[in-house]
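Below, each chain spelled out in residue letters.
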Amino acid sequence: MIIKRDFYLDKLIRKMDNGFIKIITGIRRCGKSFLLNNLFYNHLLESGVDDKHIIRFAFDSGNDLLKIGEDLMDLDTLSGERLVDPKKFLEYINSKTNNTDKFYILLDEVQLLASFEQVLNGFLRQDNFDVYVTGSNSKFLSKDIITEFAGRGDEIHVMPLSFSEFLQTFDGDKEDAFAEYQVYGGLPAQALMKTDEDKMNYLKNQLENVYLRDIINRYDVRLGSELEDLLNILASGISTLTNPKKISSTFLSVKNSKISASTIDKFIGYFEDAFMIKRVYRYDVKGRKYIGTPYKIYFEDLGLRNAKLNFRQVEPTHLMENIIYNELRFRGYMVDVGMVIKRESDDNRDIKKQLEVDFIANLGSKRYYIQSAYSLPSLDKMNQEKASLLNIDDSFKKIIIVKDRVKPFRDENGILTINLFDFLLDKNSLDL
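Now for a quick tour of the structure.

Our next topic: the overall build of the protein. A count of helices and strands for the protein gives 17 helices and 13 strands. With the C-alpha coordinates aligned to their principal axes, the bounding extent of the protein is approximately 85 × 55 × 45 Å. In the protein, which comprises 432 residues, the proportion classed as buried is 53%. Of the contacts made within the protein by residues no fewer than 6 positions apart, 65% connect residues no fewer than 24 positions apart. Averaging the coordinates of the 61 positive side-chain charges in the protein and doing the same for the 66 negative ones gives two points 4 Å apart.

Let us now look at the sheet that holds strand 8 (residues 334-346). One open sheet accounts for eight strands, arranged 7-6-8-9-10-11-13-12; its pairing is mixed. One side of each edge strand has no neighbouring strand; the edge strands of this open sheet are strand 7 (289-299) and strand 12 (409-410). As paired strands, strand 9 (residues 349-363) and strand 10 (residues 366-373) are joined by five bridges and run antiparallel to one another. For L363, the partnering residue across the bridge sits in strand 10 and is K366.

Here helix 11 (residues 224-236) crosses helix 13 (residues 261-273) at 75 degrees, and the two axes come no closer than 11 Å. When the axis of helix 11 is compared with that of helix 13, the two are roughly perpendicular. On helix 13, the residues that touch L227, L230, L231 and L234 of helix 11 are I264, F267, I268 and F271. Classifying every residue of the contact of helix 11 with helix 13 gives eight nonpolar, no polar and no charged.

F271, M276 and L328 are the most contacted members of the largest nonpolar core, which totals 91 residues. Residue contacts for M276: discarding those within four places in its chain leaves I27, L207, Y211, I215, L231, F271, Y298, F299 and E300. Within the second largest apolar cluster, 27 residues are counted, among which are I23, F59, F103 and L107.

With that settled, the discussion passes to the packing of helix 8 (residues 174-184) against helix 15 (residues 316-330). Each pair of packed helices gets described by two things: the angle between the helix axes and the distance between those axes. The N-to-C vectors of helix 8 and helix 15 enclose an angle of 90 degrees; their axes lie 10 Å apart at closest approach. Considering their axes alone, helix 8 and helix 15 lie roughly perpendicular with respect to each other. Of helix 15, the residues touching helix 8 (which contributes F178, Y181 and Q182) are P316, L319 and I323.

Let us look at the sheet that holds strand 5 (residues 153-157). Reading across the sheet, the five strands line up as 2-3-4-1-5 and stay open at both edges, with parallel pairing between neighbours. Since the sheet does not close on itself, it has two edges, and those belong to strand 2 (54-58) and strand 5, each with one partner. The mean inter-strand angle of the sheet, taken between neighbouring strand axes irrespective of direction, is 15 degrees. Two strands pair when backbone bridges link them, and strand 2 and strand 3 (residues 103-108) are joined in this way by five bridges, in the parallel orientation. Pairing of A58 across the sheet is with D108, part of strand 3.

Our next topic: the pattern of salt bridges. The tally for this structure, following the rule as stated, stands at 24 salt bridges. When the shortest N-O distance is used, the salt bridge between K296 and E321 registers 3.1 Å. Residue K296 is found in strand 7, and its partner E321 is found in helix 15; the two are separated by 25 residues along the sequence. Exposure remark for K296: the relative accessible area of 1% places this residue in the buried category. Residue class for E321 comes out buried when judged on its relative accessible area of 7%. When the shortest N-O distance is used, the salt bridge between D394 and K398 registers 3.6 Å. Look at K398 and you get buried, because its relative accessible area is 10%. Each of E175, K403 and R405 takes part in one network of salt bridges that share partners.

Below, the discussion takes up the side chain of Q190. The topology assignment puts Q190 in helix 9 (residues 188-191). Overall, the relative accessible area of 0% leaves Q190 in the buried class. Non-local contacts of Q190, meaning those with residues more than four positions away in its chain, are made with Y184, G185, K199, Y202 and L203.

The next point concerns the pairing of strand 4 (residues 129-134). Among the six residues of strand 4, six are classified as buried, and the element is accordingly described as predominantly covered. Every second residue of strand 4 is oriented toward a common face, with F129, V131 and V133 on one face and D130, Y132 and T134 on the other, all of them buried. As defined by bridge partners, strand 1 (residues 21-25) adjoins strand 4 across three bridges and the pair is classed as parallel. Across the sheet, I23 pairs through a bridge with V133, a residue of strand 4. Relative to strand 4, strand 3 runs parallel, the two sharing five bridges. Bridge assignment links Y104 to a residue of strand 4, and that residue is D130. Where the polypeptide runs from strand 3 across helix 5 (residues 116-124) and back to strand 4, its parallel neighbour, the crossover connection is right-handed.

With that settled, consider the pairing of strand 6 (residues 277-284). Within strand 6, six of the eight residues are buried, which leaves it mostly tucked inside the rest of the structure. Two elements, strand 6 and strand 7, share seven bridges in a ladder whose sense is antiparallel. Within strand 7, the residue paired with D284 across the bridge is K289. What sits between strand 6 and strand 7 in their antiparallel hairpin is a turn of four residues, with R288 showing a positive phi close to 55 degrees. By the bridge criterion, three bridges tie strand 6 to strand 8 in an arrangement that is parallel. In the strand pairing of strand 8, D284 is matched with M339.

Conventions and cut-offs
One numbering rule holds for all chains: residues counted from 1, following each sequence as written. Reporting in this predicted model follows two pLDDT cut-offs: at least 70 for local features of residues, and 80 or more for side-chain atom pairs to be given and counted; totals over whole chains, interfaces and linings ignore these cut-offs and use all residues. Excluding hydrogens and water, the side-chain values take into account all heavy atoms of the structure. In DSSP terms, a helix is any run of H or I states spanning at least four residues, a strand is any run of E spanning at least two, and both are numbered starting from the N terminus. Buried, partly exposed and exposed residues are distinguished by accessible area as a fraction of the type maximum, computed with a 1.4 Å probe on protein chains only: under 20%, between the cut-offs, and over 50%, respectively. In what follows, residue pairs with any heavy atoms lying within 4.5 Å of each other are defined as contacts. The charge count treats Lys and Arg as positive and Asp and Glu as negative. His and the chain ends do not count. Charge coordinates come from a single atom per side chain, which is NZ of Lys, CZ of Arg, CG of Asp or CD of Glu. In short, DSSP must find at least two bridges between two strands for them to pair. To obtain each axis, a line is fitted to C-alpha atoms, and for helices this fit is confined to the stretch in contact; angles are then taken between N-to-C directions over 0 to 180 degrees. Angular relationships are summarised with four words: roughly parallel below 35 degrees, roughly antiparallel beyond 145, roughly perpendicular across 65 to 115, and oblique for the angles in between. Lys, Arg, Asp and Glu make up the charged group, whereas Ala, Val, Leu, Ile, Met, Phe, Trp, Tyr, Cys and Pro make up the nonpolar group; the residues left over, Gly among them, are polar. Among buried residues, those of type Ala, Val, Leu, Ile, Met, Phe, Trp, Tyr and Cys that are joined through side-chain atoms within 4.5 Å constitute a nonpolar core. Think of a salt bridge as a Lys or Arg side-chain nitrogen and an Asp or Glu carboxyl oxygen that are within 4 Å of each other. A crossover gets the label right-handed when its path from the first strand over the helix to the second runs clockwise, viewed with the strands pointing away from the viewer.

Structure representation (structure tokens):
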């Protein structure tokens, strides 16, 4: 089954021939290679590009390496200690191209090519070359590639399947699909598996043998068990405020481990670099400034989060909030956690009360204040969710997203309440 990734494919199409190296980043196994070498490749063919003018090369492919005369017995692409000879690769490219016709160069796992920066910089000087690359492994995670080409690289960040993309793979209604999605997430290979056992085994195996191993090998982490314990703590606390000092205290009281706050902060950075998690900072709406800590942690893929906890902590409220966050990022929004100060008087004392806005979503001139509420069973609960929104005095739209089956409606204060599926399945839902 082919899963359409039209959102990303359209991005690649818009960026064609723009003079930059197109760099496809994202968590491992999210579908970067399939996007480039299948979906985009097929688009080029359907657009009339001659197959001889599309050069595809995967540096982790034995068949491709044989084409340039690499000795597979001498080349360890897994460790990256002996990289592909750039001279052999350039000789191959020169044999397939010329200086006049248009060529599209699609390169997979480019970090396995020695001196790849110089090779790609050379391609930038070829006016008739349009170059696209992916790359990630324990020695060179794909976030680093964009850094190598500051000002000369154009990034397309690919996430695991959004809920609307996931629905393509699911044989059933959207309620059942969501129940599956919030447990197993959106890694494409998992989404195409048929049984719970296969999905669980795949996610646990990928987590231990791909994601964590990559980080441990790349950064030469000596505290491997502490790194895994930290991921457990982060997974257990999604959508709740935390900081390294608080986590350090947890290690001391629960694990009797004296791991420092600075080490924890460094480890969290490793998870971010691998695109496993996102650290989301608080923004003081009225003070118009960021607050460094505490912050919230969200997972790029909930299947990996749940696998780390052996699928034991499936809390619908927190998982729904993580899914909304990922959907906003999928649509291109910059997302912060909001905080509003409300002043109250009690016995002639001025009391400051902090109210939380789950998300502040910004895209260009647009801004939305969004609350995630699994259910609104009572007026008290409704008022609780609205409290922070009512204390924001600007004119940007305020929205509550609920799992309850409701039609979109606005109250007398202009606050819009919409159903979760209306939000997830309609890209224009925030403008209802």
